[in-house]
Amino acid sequence: HITNNGELVMGGWFRAATDFDASAGTITLNGGNFNSIFLAKYSVLPVTHRIYVDDNKNGNGTSWNNPFSTITSAFSVAEAGDTILVAEGTYGALTANKNVKLWGGYVGNETDLMMRDAQANQTIIDGNGALHALTISSPNLVIDGFVITGGKQTASGTGNNVSGAGVIYSIT
């Protein structure tokens, strides 16, 4: 069974002369009767650092009780592989420049990643007239549960300045 924080919990009956190598993740059964109980908990999925954002609060991003007020602030401390959880609300234009998971649609008190409802708890990135509401400059960004709006594409200029009013994907 795998828990919400990525741990594998195993249990069962194993034969007496059992050799278990935790570093290799192997169990060798060497015969005998099933007379030993084995219970173990191992991390099998990377447990990532979670960063919290809620536009109605202003903290250091360590929990729903102490979230950052902007997604930009969360990106400033995020590292590759981190997960940024964003509560419903409207947030400003964003440059997503790190390989993180960006999840919207939370109320701001959930205890599990999957306790969100992106339709009921709209999480909006609003460019508010900026050239791009969302600029993605990270090849492995995961973004889910957001409404992207308010970018302003212009007909003049060169390169990225003439495309992608809502979202621009710009990997160099």
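Throughout what follows, the structure given in this document is the object of discussion. (Residues numbered from 1 in each chain as written. Predicted model: local features only at pLDDT ≥ 70, side-chain atom pairs only at ≥ 80, totals over all residues. Heavy atoms only, no water.)

### Observations concerning the overall build of the protein chain
No. 1: Helix and strand counts for the protein chain come out as one helix and 14 strands.
No. 2: With 172 residues in all, the protein chain has 31% of them scored as buried.
No. 3: In the protein chain, 47% of the contacts between residues at least 6 apart in sequence involve partners at least 24 apart.
No. 4: In the form shown here, the protein chain has an accessible surface area of approximately 9,800 Å², with 51% of it arising from carbon and sulfur atoms. (Helix = DSSP H or I, 4+ residues; strand = E, 2+ residues; numbered from the N terminus. Buried < 20%, exposed > 50% of the residue type's maximum accessible area, 1.4 Å probe, protein only. Contact = heavy atoms within 4.5 Å. Areas by Shrake-Rupley, 256 points an atom, 1.4 Å probe, with all protein chains shown as cover.)

### Some words on the nonpolar core
No. 1: Val53, Ile71, Phe75, Ile84, Val86, Leu94 and Leu102 are the most contacted members of the largest nonpolar core, which has 25 residues in total.
No. 2: Taken together, the elements giving at least two residues each to this core come down to β5 (50-53), α1 (71-77), β6 (83-87), β8 (94-96), β9 (101-106) and β11 (134-136).
No. 3: It is β6 that provides the largest number of residues to this core, a total of four residues.
No. 4: Setting aside chain neighbours within four positions, we find Val53 in contact with Trp64, Pro67, Phe68, Ser69, Thr70, Ile71, Ala74, Ile84, Leu85, Val86, Ala87 and Tyr91. (Core = buried A, V, L, I, M, F, W, Y, C linked by side-chain atoms within 4.5 Å.)

### Details of the side chain of Thr123
No. 1: Within the secondary structure layout, Thr123 lies in strand β10 (residues 123-126).
No. 2: According to the relative accessible area criterion, Thr123 is buried, its value standing at 1%.
No. 3: Those residues in contact with Thr123 that lie beyond four places of it in its chain are Val86, Ala87, Glu88, Gly89, Tyr91, Gly104, Gly105, Tyr106, Gly145, Phe146 and Val147.

### Thoughts on the packing of aromatic side chains
No. 1: Inspection of every chain in the model, using the stated rule, returns two aromatic pairs.
No. 2: For the pair Tyr52 and Trp64, a centre-to-centre distance of 5.0 Å together with 65 degrees between the ring planes defines the contact as edge-to-face. Remark: Trp64 occurs in the loop between β5 and α1 and Tyr52 occurs in strand β5; sequence separation between them is twelve residues.
No. 3: For Tyr52, a relative accessible area of 12% corresponds to the buried category.
No. 4: In this structure Trp64 comes out as buried when scored by relative accessible area, which is 7%.
No. 5: Between Trp64 and Tyr106, the aromatic rings sit 5.7 Å apart at their centres with planes inclined by 45 degrees, giving tilted as the arrangement. Linking Trp64 in the loop between β5 and α1 with Tyr106 in strand β9, this pair joins segments that are 42 residues apart in sequence. When sorted by exposure, Trp64 lands in the same class as Tyr106, which is buried.
No. 6: Put simply, the rings of Tyr52, Trp64 and Tyr106 touch in pairs and so form one group of aromatic residues. (Phe/Tyr/Trp six-rings, centres within 6.5 Å; stacked < 30°, edge-to-face > 60°.)

### Quick look at the sheet that holds strand β12 (residues 142-144)
No. 1: In spatial order, the strands read β5-β6-β9-β12; together these four strands make up an open sheet with parallel pairing. Because the sheet does not close on itself, it has two edges, and the strands there are β5 and β12. On average, adjacent strands in this sheet sit at an angle of 20 degrees to one another, irrespective of strand direction.
No. 2: As judged from the four bridges shared by β6 and β9, these two strands associate in the parallel manner. Within β9, the position partnered with Leu85 by the bridge is Trp103. (Pairing = 2+ DSSP bridges. Axes fitted to C-alpha atoms, helices over the stretch in contact; angles between N-to-C directions.)

### Description of the environment of Asn121
No. 1: Locating Asn121 in the fold gives a position in the loop between β9 and β10.
No. 2: The exposure class assigned to Asn121 is buried, which follows from its relative accessible area of 10%.
No. 3: Ignoring any residue separated from it by four or fewer positions in sequence, one finds Asn121 in contact with Glu88, Gly105, Tyr106 and Val107.
No. 4: From its side chain, Asn121 meets the backbone oxygen of Gly105 in a polar contact 3.2 Å long. (Polar contact = N/O pair within 3.5 Å; in protein donor to acceptor, adjacent residues only side chain to side chain.)

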